[in-house]
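An overview of the molecular structure
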Amino acid sequence: MPKISNIEIIELGEEGEKSSPWSSTILILRLTASDGTVGYGEAPTTLMTRPVFEQMREVARIFKDKDVEDINGNYFEFYKNSFYLPVSMESTSALSAFEIASWDIVGKIHGMPIYEILGGKVRDKVRAYANGWYNDCVTPEDFLSKAKNVESMGFTAVKFDPFGSDYHHLSEEGLINAREIVSAIKNETNLDILIEYHGRFNANSAIKAINTLQEFDPIFHEEPVHPDELVGLRRVRDATDAPIALGERVLNKKEFLPYFVDNLVDIIQPDVTNVGGIREAYGSALLAEAFGAEVAYHNAFGPIQTAATLHLDLAISNFRIQESFEAFWPDWKKNLLKKGYKLDRGYFTLNGSPGLGIEVNEKIIEEFRTDIMEPFNPSEPPWVVKGTFKR
């Protein structure tokens, strides 16, 4: 069995990203097995690029010289040694990159795409919703103009955060503006809508927002309350029957269980690059299926993440819809892969090649390699689309 013989951690980046400032940098992992097979993984970077980079070096100490096909065993070896793993985003993110790259190698060794290893396809294509399209949008007119452009690209659904600079408390002015934004897109396009809250509100404000915006029939309301306010989420649940989505900050499948048992979520959003990789993202979907819930994987970083996520989308039965920033990325990120998947008229397809099915563009790797911290703007949090945190 081939062993992991070489490990390379690569940071890429460029200043000025508008669609996803939190992903102005991305972390790429390149594993090489002793038989020469190469696999790629990715880790997220939201205001933690350098800490995750360093944590990937820690994971490397566990994975180096291990049998590459022992994905479960290598995962649990790090689980055993990493004392804070279940609650450390840096640790789960670093581990996810190694886990994904291992699957890539295993698929190549056996000549199988990852979705076949997971049991085969449930569908041939994946419906996407557009995100990252509304940089510098503040007014309803701003949002509507750009939403119409997104619709012309073939997308059938859009997600957006209409709450401007309100945080924790939703002002009356903010609520009125949000309603006008959502109303404009719902009534003047044929797009389905998904409303992003970014976990920004207390329960009182979340209830007020949901009860105001639910008339526009969004596919879901995402993270309506601060992620640590489970009791607040229960209050939201008791006050509305609107569909709730969450999960990009849930760090393994077991941590989803309380949300299901307490009926706090309808659609989960695990992120393959921080939940522990493919095994945990797939396990989360199986757990959701047991509770009759659906899955819309979070996908807000780079193309290796997208490729890994699409293999999951093809393999699970309770898929709902897939997040996509691809059309609004800077050129370097669009060109990082020479092949892997296609996004056409709002739908993804994979190429069926073994492993992740990707080919990395080495010219992009060399040109955009960096060692910087991601940009920080004191007047706008890094988790919002650029130019939107204002009234």
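Residues numbered from 1 in each chain as written. Predicted model: local features only at pLDDT ≥ 70, side-chain atom pairs only at ≥ 80, totals over all residues. Heavy atoms only, no water.

Some remarks on unusual backbone geometry
For Asp136, which is not a glycine, the phi torsion comes out positive at approximately 65°. Positionally, Asp136 belongs in the loop between strand 4 (126-130) and helix 5 (140-152). For Asp136, a relative accessible area of 41% corresponds to the partly exposed category. Located in the positive-phi region is His168, a residue other than glycine, with phi close to 75°. Mapping His168 onto the fold places it in the loop between strand 5 (157-160) and helix 6 (172-188). For His168, a relative accessible area of 36% corresponds to the partly exposed category. (Helix = DSSP H or I, 4+ residues; strand = E, 2+ residues; numbered from the N terminus. Buried < 20%, exposed > 50% of the residue type's maximum accessible area, 1.4 Å probe, protein only.)

Looking at a nonpolar patch on the surface
Side chains of Phe83, Tyr84 and Val87 sit close together on the surface and give an oily, nonpolar patch of about 430 Å² of accessible area. Judged by relative accessible area, which is 56%, Tyr84 ranks as exposed. (Patch = residues over 30% accessible without salt bridge, like charges linked within 9 Å, V, L, I, M, F, W, Y side chains within 5 Å. Areas by Shrake-Rupley, 256 points an atom, 1.4 Å probe, with all protein chains shown as cover. Salt bridge = Lys/Arg side-chain N within 4 Å of Asp/Glu carboxyl O.)

Describing the pattern of salt bridges
For the structure on display, the rule yields 25 salt bridges. Here Lys121 ties to Asp124 by a salt bridge, and the two come within 2.9 Å at their closest N and O atoms. Its salt-bridge partner being Glu196, residue Lys159 comes within 3.5 Å of it at the nearest N-O pair. In this pair, Lys159 sits in strand 5 while Glu196 sits in strand 6 (residues 192-196), placing the two residues 37 residues apart along the sequence.

Details of the side chain of Thr240
Relative to the helices and strands, Thr240 resides in the loop between helix 8 (230-239) and strand 8 (244-246). A polar contact is formed between the side chain of Thr240 and the backbone nitrogen of Ala242, at a distance of 3.0 Å. Non-local contacts of Thr240, meaning those with residues more than four positions away in its chain, are made with Ile210 and Asn211. (Polar contact = N/O pair within 3.5 Å; in protein donor to acceptor, adjacent residues only side chain to side chain. Contact = heavy atoms within 4.5 Å.)

Structural notes on the confidence of the model for the chain
Mean pLDDT for the chain: 97, with 100% of residues reaching 70 or above. Mean pLDDT values for the elements of the chain range from 96 in helix 12 (residues 331-334) up to 99 in strand 9 (residues 267-268). (pLDDT = per-residue confidence, 0-100.)

Considering the packing of aromatic side chains
In this description, an aromatic ring pair is defined by two values, namely the gap between the centres and the angle between the planes. This structure, assessed with the given rule, holds 21 aromatic pairs. Taken together, a centroid distance of 4.8 Å and an interplanar angle of 40° make the contact between Phe163 and Tyr197 tilted. With Phe163 in the loop between strand 5 and helix 6 and Tyr197 in the loop between strand 6 and helix 7 (203-213), this pair connects stretches of sequence that are 34 residues apart. By relative accessible area, which is 0% here, Phe163 ends up buried. Ring geometry for Trp383 against Phe389: centres 6.3 Å apart, planes inclined by 80°, an arrangement best described as edge-to-face. Taking relative accessible area as the criterion, Trp383 reaches 23% and is therefore assigned partly exposed. Taken together, the ring pairs connect Trp133, Tyr134, Phe143 and Phe160 into an aromatic cluster. The positively charged end of Lys125 is found above the aromatic ring belonging to Tyr347, 4.5 Å away from the centroid. (Phe/Tyr/Trp six-rings, centres within 6.5 Å; stacked < 30°, edge-to-face > 60°. Lys NZ or Arg CZ within 6 Å of the ring centre and 35° of its normal.)

Considerations on the packing of helix 1 (residues 49-63) against helix 2 (residues 71-81)
Packed helices, taken two at a time, are described by the angle their axes make and the gap between the axes. Relative orientation of the contacting elements helix 1 and helix 2 amounts to 120°, with a least axis distance of 9 Å. Here helix 1 lies oblique to helix 2, going by the angle between them. In this structure, helix 1 meets helix 2 at a crossing whose hand is right-handed. Side by side, helix 1 and helix 2 meet where Gln55, Val59, Ile62 and Phe63 of the first sit next to Asn74, Tyr75, Glu77, Phe78 and Asn81 of the second. Grouping the constituent residues of the contact of helix 1 with helix 2 by class yields 5 nonpolar, 3 polar and 1 charged. (Axes fitted to C-alpha atoms, helices over the stretch in contact; angles between N-to-C directions. Parallel < 35°, antiparallel > 145°, perpendicular 65-115°, else oblique. Left-handed = near helix turned anticlockwise from the far one by under 90°. Nonpolar A, V, L, I, M, F, W, Y, C, P; charged D, E, K, R; others polar.)

Observations regarding helix 1
For helix 1, spanning 15 residues, the distance from its first C-alpha to its last is 21 Å, which sits close to the expected 21 Å at 1.5 Å a residue. Inspection of helix 1 places Thr49, Val52, Phe53, Gln55, Met56, Val59, Ala60, Ile62 and Phe63 among the buried residues, and these make up the whole buried set. Axial view of helix 1: buried residues confined to an arc of 165°, hence all on one face. Against the buried residues of helix 1 lie strand 1 (4-13), strand 2 (25-33), strand 3 (38-43), helix 2 and helix 3 (89-110). Within two residues after helix 1, Asp65 carries a phi angle of roughly 70°, on the positive side. (Expected span 1.5 Å × (residues − 1). Arc of directions from axis to C-beta.)

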